[in-house]
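# Reading the structure
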Amino acid sequence: MGNLGIYPGELGNKIFKICLKNKFNEIVNKTLGKNIDEFHVHFGGNLCLPNSSGQNFHIDGKFDRKVFLFSLATSKITDDNGPTEVISGSGKEDIPFWKFCLSKKNKVKIKLNIGDLAIRRHNLWHRGTPNKTNEGRFLMTIFLYAKDNDREHYKVSEDVVIYPNFFSPTLKGKFVEFFYAKFKIIYVIYLFFKSFVSKK
């Protein structure tokens, strides 16, 4: 699929401190009506590899969790190198996948210049689009979790960690990812009917 979650290690902490010196807390306060010390902070990011196939629309975790994503462009993000595509207004109601598929959608691609900040809730339906270029695209994200969540405040680690994202790094996981990338419409149909019998 070519779309990976990244923990940026010590570099994430350095970037976070630079953000704090450049009115990040003021932006959080203006956006959420709270100061940053009222949240647990975590770092992450999304690496979109060259010639990736993109993702299906999804939300990040449980709908009712209070998680806010402040994503910082470390490179210019254009139509061609895998911008995140969101469905405007889709975080207002918790709906199953089949209902989302049949709903009217206002799609917006988030194109950014270096240093631009994109802010969204975790439960906004979104997807990573294909990176049609020969260079990777990294979007660093500062996650703000409400303190009644089960996530604790970040602990700085020097190591960069690459996560498998949707799929486990097992033989079965690799097979499912291959199927997802090569036969996406069949996978969507599977999720569509599966959502009829599951809660989400």
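Structure: above.
Residues numbered from 1 in each chain as written. Predicted model: local features only at pLDDT ≥ 70, side-chain atom pairs only at ≥ 80, totals over all residues. Heavy atoms only, no water.

### Remarks on the nonpolar core
Core analysis: the biggest nonpolar cluster contains 18 residues, and F16, F24, V41, F43, F70, I142 and L144 have the highest contact counts within it. Elements supplying a minimum of two residues to this core: β1 (3-7), α1 (10-21), α2 (24-32), β2 (39-48), β3 (67-73) and β8 (137-146). With four residues, β8 is the single largest residue contributor to this core. In contact with I142, not counting residues within four places along its chain, are F16, C19, F24, V41, H42, F43, F68, L69 and F70. (Core = buried A, V, L, I, M, F, W, Y, C linked by side-chain atoms within 4.5 Å. Buried < 20%, exposed > 50% of the residue type's maximum accessible area, 1.4 Å probe, protein only. Helix = DSSP H or I, 4+ residues; strand = E, 2+ residues; numbered from the N terminus. Contact = heavy atoms within 4.5 Å.)

### What about the pairing of β3?
With seven of its seven residues buried, β3 lies for the most part within the structure. The alternating pattern of β3 places V67, L69, S71 and A73 on one face and F68, F70 and L72 on the opposite face, and all of these are buried. Strand direction decides the pairing type here: β3 and β8, joined by seven bridges, are antiparallel. Note on β8: the bridge partner recorded for F70 is I142. (Pairing = 2+ DSSP bridges.)

### Digging into a nonpolar patch on the surface
Taken together, F178, F183, I185, I186, I189, F193, F196 and V197 make up a surface patch of nonpolar side chains, about 850 Å² in accessible area. Per-element accounting of the nonpolar patch gives the leading share, six residues, to helix α5 (residues 184-197). Mapped onto the elements, F193 comes out in helix α5. (Patch = residues over 30% accessible without salt bridge, like charges linked within 9 Å, V, L, I, M, F, W, Y side chains within 5 Å. Areas by Shrake-Rupley, 256 points an atom, 1.4 Å probe, with all protein chains shown as cover. Salt bridge = Lys/Arg side-chain N within 4 Å of Asp/Glu carboxyl O.)

### A look at the pattern of salt bridges
The tally for this structure, following the rule as stated, stands at four salt bridges. D60 serves as the salt-bridge partner of R120, at 3.2 Å between the closest nitrogen and oxygen. Pair noted here: R120 is in strand β6 (residues 117-121) and D60 is in the loop between β2 and β3, with a separation of 60 residues, a long-range link. Residue R127 pairs with E85 through a salt bridge whose shortest N-O separation is 2.7 Å. Of this pair, R127 sits in strand β7 (residues 126-128) while E85 sits in strand β4 (residues 84-87); the two residues are 42 residues apart in sequence, bridging distant segments of the chain. Taking the relative accessible area as the measure of exposure, R127 reaches 24% and is therefore partly exposed.

### What about the pairing of β4?
Along a regular strand, successive side chains alternate from one face of the sheet to the other. By the alternation rule, side chains of β4 split into T84 and V86 and E85 and I87, which are all buried. Relative to strand β5 (residues 107-110), β4 runs antiparallel, the two being bridged by four bridges. Note on β5: the bridge partner recorded for E85 is K109. Sheet analysis places β4 next to β7, joined by three bridges and oriented antiparallel. The partner of T84 across the bridge, within β7, is G128.

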